[in-house]
Protein chains: 2
Amino acid sequence: MKIAAVEAIPFSIPLRRPSAFAHGTLSRADHVLVRVTTDDGIVGHAEAPARPFTYGESQESIVKAIDSWIAPAVLGTDPFARERVRDSLRWLRYNHTARSAVDLAIWDVLGKALGKSCHQLLGAFTESVPVVHIIFAEVPEAMGEEALRMRDRHGIGIFKIKTGKDPVVDTKAMRTVRSALGDGAEIYVDANKGWTPDEAIRLLPVMQETGITMIEEPTPAFHPLARRWVAGTSPIPVLADESVTRLGEVAREVLDGHAQLVSIKVARTGFTESARIAGLCEGLGTGVVVGSQMDGALGALSALAFAAAYPGTSKRGAELGYHLELADDIAAAPAIEHGRMTVPGVPGIGIEIDEPKLQHYRCDQD
Amino acid sequence: MKIAAVEAIPFSIPLRRPSAFAHGTLSRADHVLVRVTTDDGIVGHAEAPARPFTYGESQESIVKAIDSWIAPAVLGTDPFARERVRDSLRWLRYNHTARSAVDLAIWDVLGKALGKSCHQLLGAFTESVPVVHIIFAEVPEAMGEEALRMRDRHGIGIFKIKTGKDPVVDTKAMRTVRSALGDGAEIYVDANKGWTPDEAIRLLPVMQETGITMIEEPTPAFHPLARRWVAGTSPIPVLADESVTRLGEVAREVLDGHAQLVSIKVARTGFTESARIAGLCEGLGTGVVVGSQMDGALGALSALAFAAAYPGTSKRGAELGYHLELADDIAAAPAIEHGRMTVPGVPGIGIEIDEPKLQHYRCDQD
C-alpha cells in the first residue's frame, strides 16, 4: 500500500456568531480539507484550520505547503511509515496545521486499512471523555447565560472563559459565570497572552475567589521572564498553549518553569508528535489538556480519538465542542451527552465527508 | 477480541560460554516465555529475562507476578486497550520484565490480528539497523580475537566492551580491542556500575586515546553526586542504563545531569512505555541506544521491531546480538549480515516458537 494522492481543499463555513478572544475575532471557519488516497483506493481525511495569529498560516499557505512540499515528500510512501513521513519533512519549518493534517489523514487511512478506529490503534484507554465548552468574550451577562444553556442542553460541567482583553471586564466575566453555574462546575480561563504579568498576578485573588482551576497563556508566549514570574507566583497552575506548538517547545516551557500544564492540540502536532508530547509530559509529571484549535467536526473527531486513547489525556476535560459554533459542517461529530463525547468506534478517525456540503463550502472552485 | 489466557512458562538454555561483567557471570539464559491468547485464537509471544542484579526478578517471581497479578488484571481486556492494561498495573511496583513481556506479547497479538508487523504499527522508519556486538570480560587478547571474529563473520562494526572490574585490565582490554579492529570500528564501554567516580575519570584519557564513543553506567546507579561528577567531567557521553528502568527515572537522570544518553530496553519497558521514553528523550534532545537485556531470539526480535521504527532509535547501533551467546533457542532471530539486522516483515514481532525445543528447555515440567 502506497500513498497515491494528497489533496488540499480549502473550505469556508460561517460561524453562528463571532468568536471573540483577546487579540482577535473570527466570523468564519477558514479550514483546509486534507484527503490522502492510497493506490488501493483507501481514503483518509483531516482538516487544517488556518490560524494566522498562532501559526502564521492561511488557507493559501496550507494549500501551497501541501501541494508543493508535503505531498511530493509523501507520495509513494507506505502509509504505515509515519516516521519516514515525519522525518522527510524535518527540513520544513512551521506550517504546523498543514503537516499535522497530513499526519492525521494518514492515520485515518491506517485505521480504515486495518478496520480499526484510531482510538484503538493509539491505545484505547477509555471510550468517552468529558467535554469543555469554550465561552468566548461577550458582555459578561451573556457569558453566564451561555454557560447555563450549554449545561442544560449538553450536560457540560467544564467551561473555559476567554479573557485577556480588560481585567475589569474579565473579573466581571469570571464572577458572572461562576454565579450562574454555582459551585459544581469547573471553570478555567484563557487570556490568549492578553495580560501583562502584573495584571495576571493582580487577578489571582479574583481567580481564587471564583474557583478558577487553570490559567491558559496569561502573558505573551515569548516573554520568558514575565512567564516565569506569573507561573512562579500563581497558586493556580498555568496552562501553556501558544508557547508549546511542538515537542521541543514543550520541554523548554516546562523546564524553564513557564507553565505547570501543557495543551496538546492534534491540529498542530498530529497524532505522531502528540504521542511524543504525551510521553514527555508523563515523564516529567506534567499534566496535559487536549485543546481546541477552534476545530470543526473533523478536528473534534481527531482530538477525541487522541484524548480517549491515554489515561493522561482523558483525565481532564477535552476541548471538543467548538464545532457547535459552526453554522454548518462538511462532516458530523458525535453528540455531546451528559457532558461527554464518545468515540464513534468505526474504522479510522470516524470522519464521513458530506460531499454535497463540501462542494457548497469549498472555495477553490467558481 | 478479548484476552483469554496469559501463560508464563519458565525455560532455561545454556550459554555457549559464560558471560562475565562487572558484578556477575551468567552461564544460562533463565527466561520466561509469555504467551497471550485471545478468545478468537490469536497467540502472541514475548520473553521475560530474569535479571536479579538489575530488577530483582527471578524466573519464579516473573511466573508468580504474571499468574497472580498481571494475568487477572489483563484477562477479558481488548488487546487494543494497551493503555488500560498498563494503567491497571499502576499499583504494582517493579516486576519490570514480567509486565513488559506481557505488553510485548499483546503487541504481537495486535500485529497478527491486523496482519501487520509491530515495526509497521510502531512507525516503520527503516527496515534494518546496525547491530552492536557485546564483548564480555575475558583476558584482553581473547576479547580482541572475538571482535575480529564477529567482524569477519557478521560484518559487525560496533562493539561494546564489558569493563568495570579492574581499571588495569579494562585499560588493556580497550587498547587490545582497538588495536585488533583498527580505526574503522566504533567501540564503547559498559562498566555496569563497577568503577568509582575517580576511577572512571582517571580512565578518560585511555578512553579518548582508544576512541571510546560512550561510557555506559560507569558508577553505581544510585549515587547521584558521583554520577553528576563523572557526567559533568567526561568529554565522552555517559549512557544511562541500570539507572533508567522506567519513564520517570529517565527524566530524573537526564535532568539531574547524570547522563547524556539513555538506553531503551523493550524487555524492561515494553513497546508502550518505551515509545514514551523515546518521546521524552526526543523532546529533551537526548540520544538513545536500544540496549540488550541479554535477550534471546525473542528479545532480539522485539528490540529490532522497536529500533527500526523511529529515526532516533535506529541512528546508533542497537544491541541485538546477544542471542548468539545462547547454545540453542526456542525461536530464531534474523541473521546479522553486513553488520545489520533486517526486520522480518511478517505479522507481529516475528516470533515463531519451536515447540519441541520449548518442551525440551522449559523447566516447569518434570
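These notes cover the structure that comes with them. It should be emphasised that the depicted structure is a prediction, and the values quoted were computed from it without experimental measurement.

### Looking at the interface of chain A and chain B
- Between chain A and chain B, the residue contacts involve 31 residues of the former and 31 residues of the latter.
- A buried area of about 2600 Å², summed over both sides, lies between chain A and chain B, and 58% of it is on carbon and sulfur atoms.
- Summed over the shared surface of chain A and chain B, the number is 6 salt bridges.
- The salt bridge involving R86 of chain B is made with E282 of chain A; its shortest N-O contact spans 2.8 Å.
- One can count 20 residue pairs in polar contact (both at pLDDT 80 or more) joining chain A with chain B.
- Listed by contribution, the elements that provide at least two residues to the side of chain A that touches chain B are α3 (82-88), α5 (118-122), α11 (247-255) and α13 (272-284) of chain A.
- Among the elements that line the side of chain A that touches chain B, the one with the most residues is α13 of chain A, at 6 residues.
- Counted by class, the side of chain A that touches chain B contains 15 nonpolar, 6 polar and 10 charged residues.

### So, the packing of helix α2 (residues 59-74) of chain A against helix α4 (residues 96-114) of chain A
Residues and elements named next belong to chain A.
- Interaxial distance between α2 and α4 falls to 9 Å at its minimum, and their mutual angle equals 50 degrees. With respect to each other, α2 and α4 are oriented oblique. You can see that α2 and α4 cross each other, and the crossing is right-handed. In this structure, α2 uses I62, A65, I66, I70 and V74 to contact α4, whose residues at the interface are T97, A98, R99, V102 and I106.
- Residue classes in the contact of α2 with α4 are distributed as 8 nonpolar, 1 polar and 1 charged.

### Looking at unusual backbone geometry
Residues and elements named next belong to chain A.
- In this model, E217 sits at a positive phi of 35 degrees, which is unusual for a non-glycine residue.
- Relative to the elements of secondary structure, E217 occurs in the loop between β8 (212-216) and α10 (224-233).
- Classification of E217 as buried rests on a relative accessible area of 0%.

### Some points on the pairing of strand β6 (residues 158-162) of chain A
Residues and elements named next belong to chain A.
- By the criterion of burial, β6 is predominantly enclosed, with 5 of the 5 residues buried.
- Burial along β6 is two-sided: I158, K160 and K162 and F159 and I161, pointing in opposite directions, are all buried.
- As paired elements, strand β5 (residues 132-135) and β6 share 4 bridges and run parallel to each other. The residue bridging H133 from the neighbouring strand is F159, located in β6.
- Once the chain exits β5 it traverses helix α6 (residues 140-154) before rejoining the sheet at β6, and the crossover so formed is right-handed.
- Sheet topology places β6 next to strand β7 (residues 186-190); 5 bridges connect them, and they run parallel. By the bridge assignment for β7, I161 is matched with V189.
- With helix α7 (residues 167-181) bridging β6 and the parallel β7, this β-α-β connection has right-handed handedness.

### Topic: the environment of D190 of chain B
All names here are of chain B.
- For D190, the location among the structural elements is in strand β7 (residues 186-190).
- Each C-alpha atom, one on D190 and one on T245, is 16 Å from the other, the two residues being 55 residues apart in sequence.
- Contacts of D190, omitting those with residues within four sequence positions, involve K160, I161, K162, T163 and E216.

### Examining the sheet that holds strand β3 (residues 43-49) of chain B
Residue and element names in this part refer to chain B.
- Here 3 strands make up an open sheet; going across it, the order is β1-β2-β3 and the pairing antiparallel. Two strands bound the open sheet, and with one partner strand each, they are β1 (3-21) and β3. Within the sheet, the average angular offset between the axes of one strand and its neighbour, ignoring direction, is 20 degrees.
- Summarising the sheet, strand β2 (residues 24-38) and β3 pair through 7 bridges and their orientation is antiparallel. Bridge assignment links R35 to a residue of β3, and that residue is H45.
- Across the sheet, helix α4 (residues 96-114) is in contact with β1, β2 and β3; its angle to β3 comes to roughly 155 degrees.
- Its contacts with the sheet put helix α13 (residues 297-307) on β2 and β3, and the angle it makes with β3 is roughly 105 degrees.

### Quick notes on α11 of chain A
- Those residues of α11 of chain A that sit buried are L247, E249, V250, A251, E253 and V254 of chain A.
- For α11 of chain A, the elements touching its buried residues are α3, α10, β10 (261-264) and α13 of chain A together with α12 (266-284) of chain B.
- Directly after α11 of chain A, the chain includes G257 of chain A, whose backbone phi takes a positive value near 70 degrees.

### Focus on the pattern of salt bridges
- This structure, assessed with the given rule, holds 47 salt bridges over all chains.
- The partner of E355 of chain A in a salt bridge is R35 of chain A, with the nearest N and O atoms 2.6 Å apart. Of this pair, E355 of chain A sits in helix α16 (residues 355-361) while R35 of chain A sits in strand β2 (residues 24-38); the two residues are 320 residues apart in sequence, bridging distant segments of the chain.
- Linking R246 of chain A and E249 of chain A is a salt bridge whose minimum nitrogen-to-oxygen distance equals 4.0 Å.
- Each member of the salt-bridge network shares a partner with another, and the members are E83, R86, E273 and R276 of chain A together with E282 of chain B.

### Re the sheet that holds strand β3 (residues 43-49) of chain A
Residues and elements named next belong to chain A.
- Reading across the sheet, the 3 strands line up as β1-β2-β3 and stay open at both edges, with antiparallel pairing between neighbours. Of all the strands in the sheet, the pair left with one neighbour each is β1 (3-21) and β3. Here the average twist between neighbouring strands, direction ignored, is 20 degrees.
- Pairing of β1 with β2 involves 14 bridges; the strand directions are antiparallel. Across the sheet, the residue bridging to S12 is D30, located in β2.

### Side note on the state of the cysteines
- Enumeration over the complete set of coordinates arrives at 0 disulfides over all chains.
- Free of any disulfide, C281 of chain A has its nearest neighbouring cysteine sulfur in C281 of chain B, separated by 14 Å.
- The exposure class of C281 of chain A is buried, given its relative accessible area of 1%.

### Some points on the side chain of Q120 of chain A
- Counting through the fold element by element, Q120 of chain A comes out in helix α5.
- Sequence-distant contacts of Q120 of chain A, defined by excluding residues within four places in its chain, comprise D78, F80 and R82 of chain B.

Cut-offs and rules
Residues numbered from 1 in each chain as written. Chains lettered and ligands numbered in written order. Predicted model: local features only at pLDDT ≥ 70, side-chain atom pairs only at ≥ 80, totals over all residues. Heavy atoms only, no water. Contact = heavy atoms within 4.5 Å. Buried area = accessible area lost by both parts, 1.4 Å probe. Salt bridge = Lys/Arg side-chain N within 4 Å of Asp/Glu carboxyl O. Polar contact = N/O pair within 3.5 Å; in protein donor to acceptor, adjacent residues only side chain to side chain. Helix = DSSP H or I, 4+ residues; strand = E, 2+ residues; numbered from the N terminus. Nonpolar A, V, L, I, M, F, W, Y, C, P; charged D, E, K, R; others polar. Axes fitted to C-alpha atoms, helices over the stretch in contact; angles between N-to-C directions. Parallel < 35°, antiparallel > 145°, perpendicular 65-115°, else oblique. Left-handed = near helix turned anticlockwise from the far one by under 90°. Buried < 20%, exposed > 50% of the residue type's maximum accessible area, 1.4 Å probe, protein only. Pairing = 2+ DSSP bridges. Right-handed = clockwise from strand over helix to strand, strands pointing away. Disulfide = S-S within 2.5 Å.

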